[in-house]
Amino acid sequence: MLVLLGFAMSAVFMVLIMTKKLTPVLALIIVPTIFGLFAGAGLGIGTMVLDSMKSMTSTAALLMFAIIYFGLMIDVGLFDPLVRFILRKLGNDPAKVVLGTAILAAAVSLDGDGSTTFILTTAAMLPVYLRLKMSPVVLTCVAGLANGTMNILPWGGPTARAATALKISVSEVFVPMIPSLIAGLVVVFVFAWLLGLQERNRLRSAAPEIWGPADTPDGGASTRGTGAGRFGFGRKGRGPRAAGPAGGTAAAGGSSVAILDRTDDLVDERDSAMADTALDPNRATLRPRLQWFNLGLTVAIMVLLVADLVPLPFVFMVGSAFALLVNFPKLKDQGAQLIAHAPSIVAVVSMVMAAAVLTGVLNGTGMVKAMSTWLVQIIPADMGPLMAVITGVLSIPMTFFMSNDAFYFGVLPVLSETAAHYGISAAEMARASITGQPFHLQSPLVPAILLLVSLAKVDLGDHHKKVLWRTAVVSLVMLGVGVATGAIGIG
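Here the structure is a predicted model, which means the values were calculated and not measured.

Chemist: Residues and numbers for the nonpolar core, please.
Modeler: Counting residues in each nonpolar core, the largest one holds 136 residues, and the members touching the most others are Phe 316 and Met 429. In terms of residues, this core owes the most to one element, helix 4 (residues 57-76), which gives 13 residues. In this structure Phe 316 touches Leu 62, Phe 65, Ala 66, Tyr 69, Phe 70, Ile 119, Ile 301, Met 302 and Leu 305, once residues within four positions along its chain are discounted.

Structure below.
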């Protein structure tokens, strides 16, 4: 019964948020409560949830003050020079921007912390997406793909857990998986490029008067009937093209086209159209004279974050306090800044607290343990030699619906013990078990992904619809390469 209820609860939850029948917060509260009562939790369900919630309070504080801090830094213009630099290097071609997002997220993921990766990637790239009218869901999808793939690094957590649970060295688990990691990143970059091409075509279809129609041979704007100020993608994505009466080649209807070699021209032309967004170059919250102070404060916070010398929630609390005090010394302005970011704060903190209902019910009722035990028991004996492959496949959904601790310390040892009877080593089982990490990182039980969608102001259901099948592909490719290279054996 617990097994049936556990899987049914997970399925109902995913259907409701992906079909947008309920918001993630409501689904996280209502669905586990109903299923928990059916599982016999009774009045004890409240204690289960509160016990789970206690472990999430520091995470909620971290996310709350991180949102305040980086929202403030965007408002005061700290990242404006970075946005201009990125636009100059990547041009205004969405395909290059999305690929650049994947590369940036993968590079920052080297520190092994998902929250850091998503904070820096969003702070750097979200203004670019908004300026170019690109979908922030693409940003969250690509960042989630890159970070999830890089999460198998030895210092990222899952690899260390797998090694510890099976009493083997971390290097024994990770080093043979390097080819799988490289293959996974290649798939991520391919997905990023394809998503960028989709964004390019969407922008052309939505606003051909700005980007140009998609059916021209060079991907640029058609010159028929154009007027001054029209832009499109130039050859090789080197910036926009403008149609106008001067400086170009004669075209149908007397129009002419000039290639603008500098992306700055596009940025300058379109700044006036950004007045209703946080990217308005004339916004009242800009603090250009405090640029170096804000940069120094941000660098100090990042150093403390990586060094892990002080609890991160406290780091962002103090950082937010000093940032508000220096940039907005007037009490009224400080209050206005906090109110401005309140919607994002409420969205992410409420989701973290609501996730405690799901985890509390899963653990408190024994659903997680029952589900894992059942999965081990139903594996036919003649499939024993494929235990490593089966473990890799199971790691995709199981690490999504339960914590890494529950999977690696509760499920993996049982699977590994069974696999040993078929000549499959513990190291091979550990390697197979980490291939599901790209999918795991998209779970609503992972605080970092809640921070990502909140900072980008993206609905979690929209993120899941775009990212889940792609992360499943990445996980399966990593598993397949592991088998092909011998890192994951077949008994």
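We are not done yet, so read on.
Chemist: Residues and numbers for the packing of helix 4 against helix 23 (residues 447-455), please.
Modeler: Packed helix pairs are characterised by how far apart their axes lie and by the angle those axes make with each other. Contact geometry of helix 4 with helix 23 gives a least axis separation of 11 Å together with a crossing angle of 25°. Taken together, the axis directions place helix 4 and helix 23 in an arrangement best described as roughly parallel. Of the two elements, helix 4 crosses helix 23, and the hand of that crossing is right-handed. Across the interface between the two elements, Thr 59, Leu 63 and Ile 67 from helix 4 touch Pro 447, Leu 451, Ser 454 and Leu 455 from helix 23. Of the residues belonging to the contact of helix 4 with helix 23, the class tally is five nonpolar, two polar and no charged.

Chemist: Explain a nonpolar patch on the surface to me, and be specific about the residues and the numbers.
Modeler: Together, Val 175, Ile 178, Ile 182, Val 186, Val 190, Trp 193 and Leu 194 line one region of the surface with nonpolar side chains, adding up to about 580 Å² of accessible area. Take Trp 193: it is sitting in helix 11 (residues 178-206).

Chemist: An account of the packing of aromatic side chains is requested, with residue identities and associated values reported.
Modeler: To describe a pair of aromatic rings, you give the distance between the ring centres and the angle between the ring planes. On inspection of all chains with the given rule, the structure shows three aromatic pairs. Between Tyr 69 and Phe 316 the ring centres are 6.3 Å apart and the planes differ by 65°, which places this aromatic pair in the edge-to-face class. Here Phe 316 lies in helix 15 (residues 312-327) and Tyr 69 lies in helix 4, a separation of 247 residues in the sequence. One exposure class covers both Tyr 69 and Phe 316, and it is buried. Centre to centre, the rings of Phe 191 and Trp 469 are 5.5 Å apart; their planes meet at 85°, and the pair counts as edge-to-face. Linking Phe 191 in helix 11 with Trp 469 in helix 24 (residues 460-485), this pair joins segments that are 278 residues apart in sequence. In this structure Phe 191 comes out as buried when scored by relative accessible area, which is 10%. Classification of Trp 469 as partly exposed rests on a relative accessible area of 46%. Stacked on the ring of Phe 191, the Lys or Arg Arg 470 has its end atom at 5.7 Å from the ring centre.

Chemist: An account of helix 8 (residues 136-150) is needed here, citing residue identities and associated values.
Modeler: The first and last C-alpha atoms of helix 8 sit 21 Å apart over 15 residues, in line with the 21 Å expected at 1.5 Å per residue. The buried fraction of helix 8 is high, at 15 of 15 residues.

Chemist: Summarise the pattern of salt bridges; cite the residues concerned and give the values.
Modeler: The final tally for this structure, using the stated rule, is three salt bridges. A salt bridge links Arg 200 to Asp 93, with the nearest nitrogen and oxygen atoms 2.5 Å apart. In this pair, Arg 200 is assigned in helix 11 and Asp 93 in the loop between helix 5 (80-90) and helix 6 (94-108), connecting sequence segments 107 residues apart. The class of Arg 200 is buried, set by a relative accessible area of 16%. Given the relative accessible area of 3%, Asp 93 is considered buried. Among the ionic pairs, Asp 462 bridges to Lys 465, the shortest N-O distance being 3.8 Å. You can see Asp 462 and its partner Lys 465 sitting in helix 24, three residues apart, about one turn around the helix. Assessed through its relative accessible area of 43%, Lys 465 is described here as partly exposed.

Rules behind the numbers
- Residues numbered from 1 in each chain as written.
- Predicted model: local features only at pLDDT ≥ 70, side-chain atom pairs only at ≥ 80, totals over all residues.
- Heavy atoms only, no water.
- Core = buried A, V, L, I, M, F, W, Y, C linked by side-chain atoms within 4.5 Å.
- Buried < 20%, exposed > 50% of the residue type's maximum accessible area, 1.4 Å probe, protein only.
- Helix = DSSP H or I, 4+ residues; strand = E, 2+ residues; numbered from the N terminus.
- Contact = heavy atoms within 4.5 Å.
- Axes fitted to C-alpha atoms, helices over the stretch in contact; angles between N-to-C directions.
- Parallel < 35°, antiparallel > 145°, perpendicular 65-115°, else oblique.
- Left-handed = near helix turned anticlockwise from the far one by under 90°.
- Nonpolar A, V, L, I, M, F, W, Y, C, P; charged D, E, K, R; others polar.
- Patch = residues over 30% accessible without salt bridge, like charges linked within 9 Å, V, L, I, M, F, W, Y side chains within 5 Å.
- Areas by Shrake-Rupley, 256 points an atom, 1.4 Å probe, with all protein chains shown as cover.
- Salt bridge = Lys/Arg side-chain N within 4 Å of Asp/Glu carboxyl O.
- Phe/Tyr/Trp six-rings, centres within 6.5 Å; stacked < 30°, edge-to-face > 60°.
- Lys NZ or Arg CZ within 6 Å of the ring centre and 35° of its normal.
- Expected span 1.5 Å × (residues − 1).

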